[in-house]
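Below are the chains, spelled out letter by letter.
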Amino acid sequence: QAKSRGRGMLRFFSMEMMGRSKARLTLEAALRQSVERDELRLYYQPQVDLISGEIVGVEALVRWQHAERGLIPPNEFIPLAEESGYVVTLGDWVLRTACRQIKQWAGLGLPLRQVAVNVSAVQLSRGKLVESVKDALQETGIAPGMLELEITESSVMLDRERSLETLASLKALGVQLSIDDFGTGYSSLAYLQQLEVDKLKIDIAFVRDMTTNSNNAAIVKAVIALGHSLGLEIIGEGVETADQARHLRTLRCDIMQGYMVSRPIPGAEMTQFMRTFKPVVIPAGDQRAAG
Ligand code: C2E
Ligand code: MG
Ligand code: MG
Ligand code: MG
């Protein structure tokens, strides 16, 4: 009896696994056609200078407009695209599309310093990232400094030697570089100062409960001080409240990004947003909380 029950369980698990992998394969097959079927969309989220309140940059964030499932967020398909290697093709599309958008915005005379694009660890290690970036810059003729590449701290740590080389080649093209999700990837100070990056983005997790968790507040404070000592600009991600914005500004953080200013929106909406934008004013709050 125990034996048949065991067999039953085995069957149950393998059926479930097969079902899941089948759904996965179906999604992956559809994903592989997303570029040719024109199903990818870039959304943009503003980045605001904490002193002037002006928009200084925007981050491009990809979504997949799936025929049946609607708009799928990147966390649900980027890992799949990374596994299959399709993220290289997808990443090329993102780069090209972002550069075209930069060209359009520059043509409209919008005062925008940078558009940031996320780069996957797989693009960094496997793809011909430097070539792709060069191609996208050449095709659109934009000023290279208007393009910023965001590379996660954990992905540069995967292959330190190679990351150093790749980042140096990218920097030589004139693009801006930032380290995304900083604070989650255990990079050392010695390594960090060798990287030719311009900005650090403090991970959302630290900003989120910075105002209530003193450990996270201490981490944010230390990252800002460390970054500044290395000559880097610091962006706080995931800023949702005036309290968080004020706290970051008190700690001399340079730039904020988050729902407080805007959620990510399509390019045409972002054009409108920038045209009608008034500098963000962070209301003065409880001074005791700011220290
Ligand atoms: P990320 O690069 O760290 O982007 C920040 C994420 O936080 C975005 O999620 C953004 O919508 C979200 N966010 C911004 N402000 C707030 C806020 O105030 N509160 C909260 N709760 N969330 C906020 P999204 O767009 O879903 O992207 C998730 C991740 O997917 C990105 O994290 C990035 O790692 C990846 N990703 C997005 N676009 C691309 C892409 O084109 N290529 C690659 N390789 N990865 C991408
Ligand atoms: Mg990012
Ligand atoms: Mg991030
Ligand atoms: Mg992330």
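Conventions adopted
Residues numbered from 1 in each chain as written. Chains lettered and ligands numbered in written order. Predicted model: local features only at pLDDT ≥ 70, side-chain atom pairs only at ≥ 80, totals over all residues. Heavy atoms only, no water. Donors = N, O, S within 2.8 Å, 3.2 Å for Na, K, Ca; no water. Helix = DSSP H or I, 4+ residues; strand = E, 2+ residues; numbered from the N terminus. Buried < 20%, exposed > 50% of the residue type's maximum accessible area, 1.4 Å probe, protein only. Near = heavy atom within 4 Å. Polar contact = N/O pair within 3.5 Å; in protein donor to acceptor, adjacent residues only side chain to side chain. Areas by Shrake-Rupley, 256 points an atom, 1.4 Å probe, with all protein chains shown as cover. Nonpolar A, V, L, I, M, F, W, Y, C, P; charged D, E, K, R; others polar. Core = buried A, V, L, I, M, F, W, Y, C linked by side-chain atoms within 4.5 Å. Contact = heavy atoms within 4.5 Å.

Q: Even after reading the chapter, I still don't get the coordination of the magnesium ion (ligand 3), so can you show me in this structure?
A: Each pair of donors in an ideal octahedron of six around a metal sits at 90 or 180 degrees, and each pair in an ideal tetrahedron of four sits at 109.5 degrees. For the magnesium ion (ligand 3), every protein donor is listed as Asp180 (OD), Asp181 (OD) and Glu237 (OE), and the spread of their distances is 2.0 to 2.4 Å. The sequence motif formed by the donor residues of the magnesium ion (ligand 3) is D-D-x55-E. Distance-wise, the magnesium ion (ligand 2) is placed 4.3 Å from the magnesium ion (ligand 3), both being coordinated by Asp180. Here Asp180 is found in strand β6 (residues 176–182), whereas its partner Glu237 is found in the loop between β8 (233–236) and α11 (242–250), with 57 residues between them in sequence. The same class applies to Asp180 as to Glu237, namely buried.

Q: Mind showing me how you'd approach the site of ligand 1 here?
A: What surrounds ligand 1 is a group of 22 residues, the closest being Arg63, Asn118, Asp180, Glu240 and Tyr259. One of the side-chain nitrogen or oxygen atoms of Gln45 is found 3.0 Å away from a nitrogen atom of ligand 1. Arg63 has a polar side-chain atom sitting 2.9 Å from an oxygen atom of ligand 1. With the chains in place, 84% of the 810 Å² that ligand 1 exposes on its own is no longer accessible. Elements supplying a minimum of two residues to the shell around ligand 1: β2 (55–66) and β6. Among the elements that line the shell around ligand 1, the one with the most residues is β2, at four residues. In the shell around ligand 1, the residues fall into nine nonpolar, six polar and seven charged.

Q: What is the right way to read the coordination of the magnesium ion (ligand 2) from this model?
A: Around the magnesium ion (ligand 2), the protein contributes the donor atoms Glu59 (OE), Asn118 (OD1), Glu150 (OE) and Asp180 (OD), at 2.0 to 2.2 Å from the metal centre. Sequence spacing of the donor residues for the magnesium ion (ligand 2), all on one chain, is E-x58-N-x31-E-x29-D. Judged by relative accessible area, which is 5%, Asp180 ranks as buried.

Q: Would you mind showing me how to read the nonpolar core here?
A: Proteins that are soluble and globular tend to have nonpolar side chains buried together. Formed by 81 residues in total, the largest nonpolar core has its most connected members in Leu147 and Leu149. Counting residues per element, this core draws most heavily on helix α3 (residues 87–107), which supplies ten residues. Apart from the residues lying within four places of it in its own chain, the contact partners of Leu147 are Leu95, Cys99, Ile102, Val115, Val117, Val133, Leu137, Ile142, Val175 and Gln176.

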